[in-house]
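So you can see what is in the structure, the chains are spelled out below.
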Amino acid sequence: MNEKESAPGGLALIEALVNTLDIETGADTLDTADGRATLSLAESEVPDARVLREALRTVCLAHAGHRPPDGAAAPPLDRLLAEAPLRVTVDAAGVASLRPAAEPAGLTARVAAAIATAAADGTWARLKACEAEDCQWAYYDRSPAGRRRWCSMSVCGARAKMRTYRAKRG
């Protein structure tokens, strides 16, 4: 749905993971080999990736000021990330960064490192989920005020505005 470019840096991984599920159709790209390959996931890792995805969606909804739909119960993201093995590295120029401790890094560790980096540079709260209940697509809010509500103004925003207009005329 997103009509803008993807999120910067490691947030692109989180955006891609959240957007593996099309809520409107129920299509889940984690069910496909290509979808799993995009995130470097083995088929055995899919159940955990789905739990992580929904916890991330819950946080993205919170970033946008929305509550998840009734009945949606994703584990708190902090509990999932507590298991992510990370370490601090310092390069030759003295620049410190947080990296997954193991190679190849698991999805949870890659997500944890991306969140830590984005939190440090102030971009984490700009990763949001669309207000439309039948969408909830993750998007990166590049608006100056950081108040974007929909992944796509031309689709989800237009639908919401049309519903509001019809309700007023109603």
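Everything discussed here concerns the structure shown above.
Residues numbered from 1 in each chain as written. Predicted model: local features only at pLDDT ≥ 70, side-chain atom pairs only at ≥ 80, totals over all residues. Heavy atoms only, no water.

Draft legend 1. Local environment of the overall build of the chain. Within the chain, the secondary structure is distributed over six helices and four strands. By the burial criterion, 38% of the 170 residues in the chain qualify as buried. Partitioning the contacts of the chain with sequence separation of at least 6, the portion at a separation of at least 24 is 52%. (Helix = DSSP H or I, 4+ residues; strand = E, 2+ residues; numbered from the N terminus. Buried < 20%, exposed > 50% of the residue type's maximum accessible area, 1.4 Å probe, protein only. Contact = heavy atoms within 4.5 Å.)

Draft legend 2. View of the environment of Ser97. Checked against the element boundaries, Ser97 lands in strand β2 (residues 96-100). Each C-alpha atom of the pair Ser97 and Ala116 lies 9.2 Å from the other, and the pair is 19 residues apart in sequence. Ignoring any residue separated from it by four or fewer positions in sequence, one finds Ser97 in contact with Arg87, Val88 and Thr89. Here Arg99 takes part through its side chain, which lies 3.4 Å from a polar atom of the side chain of Ser97. (Polar contact = N/O pair within 3.5 Å; in protein donor to acceptor, adjacent residues only side chain to side chain.)

Draft legend 3. Representation of the nonpolar core. Counting residues in each nonpolar core, the largest one holds 31 residues, and the members touching the most others are Ile14, Leu56, Val111 and Trp124. Where this core is concerned, the elements lending two or more residues are α1 (11-18), α3 (46-63), α4 (77-81), α5 (107-121), β3 (127-129) and β4 (138-140). With near-sequence residues (within four places) excluded, Val111 lies in contact with Leu13, Ile14, Leu17, Leu52, Leu56 and Leu81. (Core = buried A, V, L, I, M, F, W, Y, C linked by side-chain atoms within 4.5 Å.)

Draft legend 4. Examining α5 more closely. The first and last C-alpha atoms of α5 sit 21 Å apart over 15 residues, in line with the 21 Å expected at 1.5 Å per residue. Looking only at α5, the buried set comprises Leu107, Ala109, Val111, Ala112, Ala113, Ala114, Ile115 and Ala118. Elements that come into contact with the buried residues of α5 comprise α1, α3, α4, β1 (86-90) and β2. Two residues or fewer after α5 comes Gly122, characterised by a positive phi angle close to 80°. (Expected span 1.5 Å × (residues − 1).)

Draft legend 5. The pairing of β1, seen in detail. In terms of strand pairing, β1 meets β2 through five bridges, oriented antiparallel. Bridge pairing in β2 links Val88 to Leu98. Between β1 and β2, which follow one another and run antiparallel, lie five residues, and Gly94 among them has a positive phi close to 85°. (Pairing = 2+ DSSP bridges.)

Draft legend 6. Spatial organisation of the environment of Leu11. Along the chain, Leu11 falls in helix α1. With 128 residues separating them in the primary sequence, Leu11 and Tyr139 have C-alpha atoms 9.7 Å apart.

By themselves, these observations are geometric and do not establish any function.
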